[in-house]
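Here's the letter readout for the chains.
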Amino acid sequence: GDSVTQMEGPVTLSEEAFLTINCTYTATGYPSLFWYVQYPGEGLQLLLKATKADDKGSNKGFEATYRKETTSFHLEKGSVQVSDSAVYFCALKSGGSNYKLTFGKGTLLTVNP
Amino acid sequence: EAGVTQFPSHSVIEKGQTVTLRCDPISGHDNLYWYRRVMGKEIKFLLHFVKESKQDESGMPNNRFLAERTGGTYSTLKVQPAELEDSGVYFCASSQDPQGLAEAFFGQGTRLTVV
């Protein structure tokens, strides 16, 4: 079945550091890929997505590129801020008519000033 | 416009008791989803409603879990009787697009602790 593997946390960085959170997946067909973020006390929010190979999703300075050859969708940000502290989830959605998502375990990011 | 709202935000119950979680989707969203995150593990799909009908309940762990969506508006998820392994965060999401192409919006989750 479908699965998502993302790097174990927690990740602790200083402000303005470079961030990478690795995500690889296993899926049949051509899934859509997502990064969700959960800020403290809030619900899951869609951060960015990519729906086909070589697409790059971007939002709020975060980027991730859909790499079919390596089945990866790594999240990157060039300069993190304290406000980026949150739990980040990589997810995929296989083809189909509903929004059934398969998530990774989540990575807790803490950014210190 | 109000987002997806879940009640309660936290619940602590004893093993063997019953708990009912509620989800109010965004108005007009026919699709409603329940997910669960057990501590340290993945967020897992539980089930999907289209209006009041269960479209996919393949993720429901066992028959102690009962989800309903009477009238196709809000949904409830009842756990009866609760067991220790039911502890976790229960998320609800809703979306408008029947083709599953539009974004699903998530609630803030209900943290359930069974002691």
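Since we're looking at a predicted model, the values are computed, not measured. (Residues numbered from 1 in each chain as written. Chains lettered and ligands numbered in written order. Predicted model: local features only at pLDDT ≥ 70, side-chain atom pairs only at ≥ 80, totals over all residues. Heavy atoms only, no water.)

Caption draft 1: Up close: unusual backbone geometry. Of the consecutive residues Phe7(B) and Pro8(B), the connecting peptide bond is found in the cis state with omega at -15°. Checked against the element boundaries, Pro8(B) lands in the loop between β1 (5–7) and β2 (10–13). In this structure, the amide linkage connecting Gln80(B) to the following residue, Pro81(B), adopts the cis form with an omega of -10°. As for its placement among the helices and strands, Pro81(B) is situated in the loop between β8 (75–79) and β9 (88–95). Located in the positive-phi region is Asp54(A), a residue other than glycine, with phi close to 75°. Among the structural elements, Asp54(A) can be located in the loop between β6 (44–50) and β7 (56–59). Of the residues examined, Asp54(A) reaches a relative accessible area of 53% and is grouped as exposed. For Thr71(A), which is not glycine, the phi dihedral falls at a positive 45°. Examined against the element boundaries, Thr71(A) turns out to sit in the loop between β8 (62–65) and β9 (75–77). (Helix = DSSP H or I, 4+ residues; strand = E, 2+ residues; numbered from the N terminus. Buried < 20%, exposed > 50% of the residue type's maximum accessible area, 1.4 Å probe, protein only.)

Caption draft 2: The nonpolar core, seen in detail. Among the nonpolar cores identified, the biggest contains 26 residues, and Leu19(A), Trp35(A), Leu47(A), Leu48(A), Phe73(A), Leu75(A) and Tyr88(A) are the most heavily contacted of them. Contributions of two or more residues to this core are made by β2 (11–14), β3 (19–21), β4 (23–26), β5 (32–38), β6, β8, β10 (86–93) and β12 (107–112) of chain A. The element contributing the most residues to this core is β10(A), with 4 residues. Membership of the second largest hydrophobic core comes to 21 residues, among which are Val4(B), Leu46(B), Leu77(B) and Leu112(B). (Core = buried A, V, L, I, M, F, W, Y, C linked by side-chain atoms within 4.5 Å.)

Caption draft 3: The arrangement of the state of the cysteines in detail. Residue and element names in this part refer to chain B. Across all of its chains, the model carries 2 disulfides over all chains by this definition. Paired through a disulfide, Cys 23 and Cys 92 show a sulfur-sulfur distance of 1.8 Å. The disulfide joining Cys 23 to Cys 92 has a torsion of about -65° about its S-S bond and is therefore left-handed. Of this pair, Cys 23 sits in strand β3 (residues 19–24) while Cys 92 is found in strand β9, placing the two residues 69 residues apart along the sequence. When its relative accessible area of 0% is taken as the criterion, Cys 23 is described as buried. Its relative accessible area of 0% is what places Cys 92 among the buried residues. (Disulfide = S-S within 2.5 Å.)

Caption draft 4: Just the packing of aromatic side chains, in detail. Tallied over the entire structure, the rule returns 11 aromatic pairs over all chains. Between Phe103(A) and Tyr35(B) the ring centres are 5.7 Å apart and the planes differ by 90°, which places this aromatic pair in the edge-to-face class. Of this pair, Phe103(A) sits in strand β11 (residues 102–103) while Tyr35(B) sits in strand β4 (residues 31–37), which puts the two residues in different chains. A relative accessible area of 2% means that Phe103(A) is categorised as buried. (Phe/Tyr/Trp six-rings, centres within 6.5 Å; stacked < 30°, edge-to-face > 60°.)

Purely spatial values, then, with no claim about function.
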